[in-house]
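Structural characterization, general
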Amino acid sequence: MRTAGLLLALGLAALPTLLRADPYLLNPQDQLTLRAAFWKADEGLYLAWDGINGTYRISPEGDLHLPLIGQVPAADQSIATLARDISLRLQQKVGTGNPPEISLEVSTYAPIYILGAVTAPGAYPYQPGMTVQQAIALAGGVLRPAAGVAAGAPDRAAIYGGEVKMASDALAQLRQTKAWLEAELADLSAPAADAQRTTDETPLEPVGAALFAANRASRGAQTESLGELRNVLTEQIQRFEQQISLRDSQIAQISADLGGMEQLRDQGLAANARVTALSTQLSDLESKRLDLENARLVAEQQLNQATRDELNVTEQARTDFLAQLRQVNGEILANETRLATATALYSSAVSAGAMPVPGIDPLVPEYVVTPRTPDQEQRLFQPTELLPAGSTLNVMMKVNEAATPLAGGK
């Protein structure tokens, strides 16, 4: 009876894991109940392994510490995978013919943490399939300030509501400017073949898109003009080199003629005037060659400058955009602080009884979830979304723009 009951318990414990399509992955602080049985061949039955059976908690580092086999990685493993791993480790450690049967079940899940605008913030037990709404219900629901009428509260709500709208509008404009600057910088860094793709993948509001197109066209025109200048200068340098080569040939020929004529003059067979004419011609050719050398040098300097200017079109634009982006980021931080302050003041005025737009809740909750693992990003969750195990839920009250004075035009 003991053996049959143990096998039945092992089978039933494994059944939910087999039926669940997306198995639960274990987390640090999960508490597990482990049951082990081994086959005793000489008696023909399974016996419980009392030295292993028990309740164990996964350490903050994600390990399970068990008798005989010591530390076993458990975090981010399914129950079935961990059970197989423990069974194989026990078989290797003890040297049994067959691996022992291991049953695992989560007796207590790692808690979730609920913070912010809830009635009772703190740590709460987690269950797989828990939604944001269900977690908030555990914490007593979203905290609503008590309504009351205070002198001047409606006026303050209107003033702070206007501040909220102005700060929100300024932030929206700054973020559009930031998106434009980042698109410009991405375009400058992208290879020419990817330039159009960069534009297509960067949605911008109309003004930003127009500035983006104008700046790209301006840089393209400057680059094209400098490229044409480099081509002209390159051709000019090639012509100078050809003329210099021709002058070298002429100088070599005249030098040879002059040498022969000087020999004839020394022998009294040529007039001195002929030697003088050749000398003058040689000097003229050498002077023209020097002029060509100087002209080529000037053209090479101009070509180098044009090349530098062409490179500087991109680098100067990058420097300008980076400076503007740094300034915009600073203004975004300042306006975020301004918006947070105005929102807090508006919330305070609302809590005193001001209701700027009758029938509309002035504050609405936002649900920000931070997963347990740092490789997953913090993001906004919808009320019906499933919470990750071990995560932190922060309930934040946000001004409902529909209830804000001056927000009707948005």
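If you check an unreviewed UniProt entry, the protein chain appears there as SLBB domain-containing protein from Paracoccus fontiphilus.

What to know about the overall build of the protein chain
Tallying secondary structure elements over the protein chain gives seven helices and 11 strands in all. At a minimum sequence separation of 6, the contacts of the protein chain that also span at least 24 residues come to 67%. Carbon together with sulfur atoms contributes 56% to the accessible area of the protein chain, which is approximately 23,300 Å² in total.

What about the pattern of salt bridges?
Tallied over the entire structure, the rule returns 12 salt bridges. Note that Glu293 is salt-bridged to Arg289, the shortest N-O span being 3.1 Å. Highlighted residues: Glu293 and Arg289, both in helix α7 (residues 272-351), separated by four residues, approximately one helical turn. Between Glu385 and Arg379 there is a salt bridge whose closest N-O contact spans 2.8 Å. Take Glu385: its relative accessible area is 22%, and that puts it in the partly exposed class. Taken together, the shared-partner salt bridges connect Glu241, Asp248, Arg289, Glu293 and Arg296 into one network.

Remarks on unusual backbone geometry
Phi is positive for Gln29, close to 80 degrees, though the residue is something other than glycine. Topologically, Gln29 is positioned in the loop between α1 (2-19) and β1 (31-40).

Observations regarding the packing of aromatic side chains
Applying the stated rule across the entire model yields three aromatic pairs. Seen in terms of ring centroids, Tyr24 and Tyr109 are 5.0 Å apart; in terms of plane orientation they differ by 90 degrees. Their pairing is edge-to-face. You can see Tyr24 sitting in the loop between α1 and β1 and its partner Tyr109 sitting in the loop between β6 (101-108) and β7 (112-116), a full 85 residues away along the chain. No difference in accessibility class separates Tyr24 from Tyr109, as the two residues are buried. Measuring from centroid to centroid gives 6.0 Å for Trp180 and Phe321, while their planes differ by 80 degrees, and the two rings are edge-to-face. Linking Trp180 in helix α4 (residues 153-189) with Phe321 in helix α7, this pair joins segments that are 141 residues apart in sequence. By relative accessible area, Trp180 is classed as buried at 10%.

A word on the nonpolar core
Within the largest apolar cluster, 41 residues are counted, with the highest numbers of intra-cluster contacts made by Leu34, Leu64, Leu82, Ile86, Leu104, Leu387 and Leu393. A per-element tally of this core places helix α2 (residues 79-94) first, with five residues. Membership of the second largest hydrophobic core comes to 16 residues, among which are Val164, Leu174, Leu181 and Leu188.

Focus on the confidence of the model for the protein chain
Of the residues in the protein chain, 78% reach a pLDDT of 70 or more, and the chain-wide mean stands at 78. Low pLDDT, under 50, characterises residues 146-152; the predicted model gives this stretch eight contacts beyond four residues in sequence or across chains. For residues 193-199, every residue scores under 50 in pLDDT, and the model assigns this stretch nine contacts once sequence neighbours within four places are set aside.

Thoughts on the pairing of strand β4 (residues 63-66)
Both β4 and strand β5 (residues 70-73) contribute to a ladder of four bridges, which runs antiparallel. The residue of β5 that forms the bridge with Leu66 is Gly70. Hairpin connection between β4 and β5: a loop of three residues separates the two successive antiparallel strands, and Leu68 in this loop has a positive phi of roughly 70 degrees.

Focus on the environment of Leu115
You can see Leu115 is positioned in strand β7. Classification of Leu115 as partly exposed rests on a relative accessible area of 39%. Considering only alpha carbons, one finds Leu115 and Val368, 253 residues apart in sequence, at a separation of 9.8 Å. The contact partners of Leu115, leaving out residues within four places of it in the chain, are Pro121, Thr392, Leu393, Asn394 and Val395.

What counts, and at which threshold
Residues numbered from 1 in each chain as written. Predicted model: local features only at pLDDT ≥ 70, side-chain atom pairs only at ≥ 80, totals over all residues. Heavy atoms only, no water. Helix = DSSP H or I, 4+ residues; strand = E, 2+ residues; numbered from the N terminus. Contact = heavy atoms within 4.5 Å. Areas by Shrake-Rupley, 256 points an atom, 1.4 Å probe, with all protein chains shown as cover. Salt bridge = Lys/Arg side-chain N within 4 Å of Asp/Glu carboxyl O. Buried < 20%, exposed > 50% of the residue type's maximum accessible area, 1.4 Å probe, protein only. Phe/Tyr/Trp six-rings, centres within 6.5 Å; stacked < 30°, edge-to-face > 60°. Core = buried A, V, L, I, M, F, W, Y, C linked by side-chain atoms within 4.5 Å. pLDDT = per-residue confidence, 0-100. Pairing = 2+ DSSP bridges.

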